[in-house]
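Tertiary structure, described
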Amino acid sequence: MTKFQNKFLTKEQTIRSTTWAHHFVFLNCLLAIVTGFTYVYGAPQTESFISFVYLIVTWLGQISFLGFLSFLIFFFPLTFIGNFRTYRIISIAAAFLIHILLLVDAKLFISLKVHLTWSVFSLMIRDLNFNTGLNFNFMYIAIPVVIFLEFVFARLATREIYRKEERHNYFPSIVMALVTACFITSHCVYIWADASNYEKITNLRSVFPAHYPMTAKSFLTTHGWIDNISADVNGSSTSNISYPLTEIKFEEKEQQKNVITIFINGLSYVDLNAENTPNLMKLKMDNLSFENHFLPYDNLYNNLFASWFGLPIQYEEVFTSHSVENVSSDVMQKEEYLMRGFISAINGHEGIKLSKMTGMNTNKLKNLSSDTVLLNDAFDFIEKNAVHRMAITLSLNSLVNMNSEEAHKRHLKLLDSQVGKFIARIEDSEIADKTMIIISSSLGNRFIDQNLSFSKRKQRVPFIIINPEAESKGVSKTVLTSSFDINPTIAVEILGVTTPCVNYGIGDDVLTLTDRDYIPTTQGNTLLLISQDAVTIYKRNGKVVTITDKDTKPARANLENLIRAMRDFNRFKK
């Protein structure tokens, strides 16, 4: 008799738990739909009415479908534990955990346009530094609110199953019919869009969690390739840009240094040899040389912008149209530095463009007819202002104008001699012991690999730092560096900026840099990750290829690398 009664009580408790779970899960679905509106807010801009409708019906359908799956997979099987009180406690804890995961996923989507997967979670735990604008401080408010709501939902669900009077409440049925219709409609619309290649809808397929499998194509298309920074602001507002991320702090150095940056444009690393460039080779051997320095772009002005700001070219339009100053320039003005730029062999229109790219006013930028005149004028200016702190930028462009490879080689010998004499004059002057000289290039040799879309041989350029400090003499480093690192290096080593480099650029101080997996850059609608032995290219159509010195072959997309690259490119976008 007792055994039969226990079976009856267990069955009764199971039925009660199942009924309670229907009400409890329904209320949590409503909460999830409200939270899920975050994805609609963070989704790419819809370009047509039908794509907007698709976004809305997918929001209602997918979030409710996830709630239904949660009931089938978790809440319903647990009803068979046969203890109503225990079941309620477990369900409240499970619902709380699910909502917290949904909030974390929503935050990741808003900030990085990715969803919470095992790869993303492991990357969060191991590598990502969330001091770059991505934080979860809102959880301090969200957690107690969710806990409170879960207890309220549990109380309402319990009251509902013990309600004595019979009610004709059609609200749950109406809601369920609506979200079911939305779920079916969203899939039907997507099938049509996919069949007709209607990208305004197919590009939205990765907005919601667990909706469609994330692929390289959907990932890259969802991001819109960061050129949306320009598209969003249209060159008319900086409201979507946060630069720098935090207040810039600096400590005045005991010895105030000058900095002279020399860009020998049209020069690649392979051009260096004892026959054609003996002076540059000697400077390379006697000072600090970075052997794997790559230009992120194949355009002179884009690379100068990258060097000046330490930022990708996607920020160029809004920065130049609003005369945004880089961190180094701002600190130099506070420290009363004399900032001057000398450029050669370009016309007036290009000079204006160069002025915008470097953020340097035209009255501080002098356009000379040749490299010889430029080097002489620059040294005269330095000699006359030796008592002041200076930041001098030289852009030598005669190699860029050579019309043949032979002419390029002949002029390179002459230019090497002129640069060698200029450096010797600086080293013999009174400012030698307080001046850092950086020698690099903002454009590779255009006669190298002319038929390749991207050539590591061409984009690899010299990067030499002549530092008065003895420990940096005759040192060769193989760590990956790029134009993005020049501004942070000047900020830290010359100006004493103590704010982390991630707050004002995507580069780093090369004197403290020890390791790096790759250099991220873009080429049109293509993402490039430049590593030591290869270049991985992520094309907009979803294809991934790896280019090495030997061959070009298809590759698999690396989601972790994509997340890191997008984090870097989106770091200063609100």
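Read on for an overview of the structure. The structure presented is a predicted model; accordingly, all values stated were derived computationally and were not measured. (Residues numbered from 1 in each chain as written. Predicted model: local features only at pLDDT ≥ 70, side-chain atom pairs only at ≥ 80, totals over all residues. Heavy atoms only, no water.)

Buried residues dominate helix 18 (residues 486–493), accounting for 8 of its 8 residues. Among all positions in helix 18, only Ile 486, Asn 487, Pro 488, Thr 489, Ile 490, Ala 491, Val 492 and Glu 493 are buried. Of the surrounding elements, those touching the buried residues of helix 18 are strand 1 (258–264), helix 11 (300–309), helix 13 (327–334), strand 6 (435–440) and strand 8 (476–482). (Buried < 20%, exposed > 50% of the residue type's maximum accessible area, 1.4 Å probe, protein only. Helix = DSSP H or I, 4+ residues; strand = E, 2+ residues; numbered from the N terminus. Contact = heavy atoms within 4.5 Å.)

Before going further, it helps to spend a moment on the sheet that holds strand 9 (residues 519–523). Strand order in the open sheet formed by 5 strands is 9-10-11-12-13, and the pairing between neighbours is antiparallel. Whereas interior strands pair on both sides, the edge strands pair on one side only; in this sheet they are strand 9 and strand 13 (552–554). In this sheet, neighbouring strand axes are inclined to one another by 25° on average, regardless of whether the strands run parallel or antiparallel. (Pairing = 2+ DSSP bridges. Axes fitted to C-alpha atoms, helices over the stretch in contact; angles between N-to-C directions.)

With that out of the way, let us pick up the nonpolar core. Residues Tyr 243, Leu 311, Phe 319, Met 332, Ile 465, Tyr 504 and Leu 527 are the most contacted members of the largest nonpolar core, which totals 64 residues. In terms of residue count, helix 11 provides more of this core than any other element does, 7 residues in total. (Core = buried A, V, L, I, M, F, W, Y, C linked by side-chain atoms within 4.5 Å.)

Quick look at unusual backbone geometry now. Note that the residue after Tyr 243, namely Pro 244, is joined by a cis bond; omega there is -15°. Within the secondary structure layout, Pro 244 lies in the loop between helix 9 (228–233) and strand 1. The phi angle at Glu 336 is positive, at roughly 60°, despite the residue not being glycine. Looking at where Glu 336 falls in the secondary structure, it is placed in the loop between helix 13 and strand 3 (338–344). Take Glu 336: its relative accessible area is 65%, and that puts it in the exposed class. For Asp 449, which is not glycine, the phi torsion reads 45° and is therefore positive. You can call Asp 449 partly exposed: its relative accessible area is 28%.

Right, let's talk about helix 15 (residues 371–384) for a bit. The terminal C-alpha atoms of helix 15, which comprises 14 residues, lie 20 Å apart, in line with the 20 Å expected from a rise of 1.5 Å per residue. Among all positions in helix 15, only Asp 371, Leu 374, Leu 375, Ala 378, Phe 379, Phe 381 and Ile 382 are buried. Angularly, the buried residues of helix 15 cover 160° about the axis, an arc narrow enough to put them on a single face. Of the residues in helix 15, the exposed ones pointing more than 90 degrees away from the buried face are Glu 383 and Lys 384. Its buried side turned inward, helix 15 meets strand 1, strand 3, strand 4 (365–368), strand 5 (390–396) and helix 16 (405–427). (Expected span 1.5 Å × (residues − 1). Arc of directions from axis to C-beta.)

With that settled, consider the environment of Asn 376. For Asn 376, the position within the fold is in helix 15. Residues Asn 376 and Phe 422, 46 residues apart in the sequence, show an inter-C-alpha distance of 7.9 Å.

Looking now at the sheet that holds strand 3. Spatially, 8 strands are ordered 4-3-5-1-6-7-2-8 in an open sheet, and the strand pairing comes out mixed. Two strands bound the open sheet, and with one partner strand each, they are strand 4 and strand 8. Across the sheet, the mean angle separating the axes of adjacent strands is 20° when strand polarity is ignored. When strand 3 meets strand 4, the two strands line up parallel, connected through 4 bridges. The partner of Ser 344 across the bridge, within strand 4, is Leu 368.

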